[in-house]
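Structure assessment
Okay, here's what each chain looks like letter by letter:
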Amino acid sequence: MIDGPYFVLTVLGVLGTGLVAGVFCGFSTFVMRGLAALPPAQGVAAMNAINAAAVRPPFMVVFLGAAAVCAVIAVVTFVLWPDEGAVELIVGSVSYLFGSFALTRAANVPRNDELLRLAPGGAEAAAYWPTYVREWTMWNHVRTGASAVAAVAYVLALT
């Protein structure tokens, strides 16, 4: 069983990736559905407000903190390669770092940036809104799953 500082680090990994999975799950299961039900101008304005709020410390500490913890776990695991849980620790780290953190930058952030460039009440925003909701939500499902896989992998490493 993992113990000492490595145990604490792994528990922090479970907590961080699990919290991020929960936030993303909420968006995938009801927030985006609620926003999609609004008229496009209102949905665009609301999503832009949500995106602005998301990059403030309460969420970013968890999101970036989880990435940092996952990176440290990966490095420590590669250096020490513990007798137990090494594969699960690597799976958890890779899952979060690529399937959640990097994917956010590659798929969700560019869509957010595009949405922000459009005037909420404009024809361009109204035309883009259904595509945005569909694509953003699809990639958010992937981020949700990757974050959940990371949390479960870390839990399995602890057992």
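Description of the structure in this document. (Residues numbered from 1 in each chain as written. Predicted model: local features only at pLDDT ≥ 70, side-chain atom pairs only at ≥ 80, totals over all residues. Heavy atoms only, no water.)

**Observations regarding the overall build of the protein chain**
A count of helices and strands for the protein chain gives five helices and zero strands. Secondary structure elements of the protein chain, listed N to C terminal, follow the sequence α-α-α-α-α. Within the span of the protein chain, comprising 159 residues, buried residues form 41% of the whole. Within the structure as shown, the protein chain displays about 8000 Å² of accessible surface, and the carbon and sulfur contribution to it stands at 75%. For the protein chain, the distance from the average site of its 7 positive side-chain charges to the average site of its 8 negative ones is 16 Å. (Helix = DSSP H or I, 4+ residues; strand = E, 2+ residues; numbered from the N terminus. Buried < 20%, exposed > 50% of the residue type's maximum accessible area, 1.4 Å probe, protein only. Areas by Shrake-Rupley, 256 points an atom, 1.4 Å probe, with all protein chains shown as cover. Lys, Arg positive; Asp, Glu negative; His and termini not counted. Charge placed at Lys NZ, Arg CZ, Asp CG, Glu CD.)

**Focus: the packing of helix 1 (residues 4–36) against helix 2 (residues 40–54)**
For the pair helix 1 and helix 2, the least separation of the axes is 9 Å and the interaxial angle reads 135°. What the angle tells us is that helix 1 and helix 2 run oblique. Two secondary-structure elements touch here, helix 1 through Phe-27, Val-31, Met-32 and Leu-35 and helix 2 through Gly-43, Ala-46, Met-47 and Ile-50. In terms of residue class, the contact of helix 1 with helix 2 is built from seven nonpolar, one polar and no charged. (Axes fitted to C-alpha atoms, helices over the stretch in contact; angles between N-to-C directions. Parallel < 35°, antiparallel > 145°, perpendicular 65-115°, else oblique. Contact = heavy atoms within 4.5 Å. Nonpolar A, V, L, I, M, F, W, Y, C, P; charged D, E, K, R; others polar.)

**Some details on the nonpolar core**
Judged by nonpolar contacts, the single largest core of 17 residues is most densely connected at Ile-2, Ile-73, Leu-89 and Tyr-96. Put simply, the parts of the chain that give this core at least two residues each are helix 1, helix 3 (57–80), helix 4 (86–117) and helix 5 (123–158). Of all the elements, helix 3 adds the most residues to this core, at six residues. Residues Phe-27, Val-44, Trp-129 and Trp-136 belong to the second largest nonpolar core, which totals 13 residues. (Core = buried A, V, L, I, M, F, W, Y, C linked by side-chain atoms within 4.5 Å.)

**So, the state of the cysteines**
Throughout the structure, instances matching the rule amount to zero disulfides. The thiol of Cys-25 is not disulfide-bonded; the next cysteine sulfur, from Cys-70, is found 18 Å away. (Disulfide = S-S within 2.5 Å.)

**Concerning the side chain of Ser-95**
For Ser-95, the position within the fold is in helix 4. On the basis of relative accessible area, Ser-95 is assigned to the buried category, the value being 14%. A polar side-chain atom of Ser-95 sits 2.7 Å from the main-chain carbonyl oxygen of Ala-146. (Polar contact = N/O pair within 3.5 Å; in protein donor to acceptor, adjacent residues only side chain to side chain.)

**Here's the deal with the layout of surface pockets**
Roughly 400 Å³ of internal volume is contained in the largest pocket. Along the walls of the largest pocket sit 20 residues, with Asn-51, Ala-54, Val-55, Phe-59 and Asn-112 positioned nearest its centre. Counting residues per element, the ones that place at least two in the lining of the largest pocket are helix 1, helix 2, helix 3, helix 4 and helix 5. Counting residues per element, the lining of the largest pocket draws most heavily on helix 4, at six residues. Its residues assigned to classes, the lining of the largest pocket shows 13 nonpolar, five polar and two charged. (1 Å grid on protein atoms, 1.4 Å probe; cavity = no way out; pocket = protein on both sides within 12 Å on 5 of 7 lines; lining within 4 Å. Points joined across faces, edges and corners; volume = space filled by probe spheres on them.)

**Digging into a nonpolar patch on the surface**
Taken together, the side chains of Met-1, Phe-7, Val-8, Val-11, Leu-12, Leu-15 and Leu-19 make up a nonpolar region of the molecular surface, amounting to roughly 630 Å² of accessible area. Residue class for Leu-12 comes out partly exposed when judged on its relative accessible area of 42%. (Patch = residues over 30% accessible without salt bridge, like charges linked within 9 Å, V, L, I, M, F, W, Y side chains within 5 Å. Salt bridge = Lys/Arg side-chain N within 4 Å of Asp/Glu carboxyl O.)

**Considering the pattern of salt bridges**
By the definition in use, this model includes two salt bridges. Residue Glu-135 pairs with Arg-111 through a salt bridge whose shortest N-O separation is 3.1 Å. Of this pair, Glu-135 sits in helix 5 while Arg-111 sits in helix 4; the two residues are 24 residues apart in sequence, bridging distant segments of the chain.

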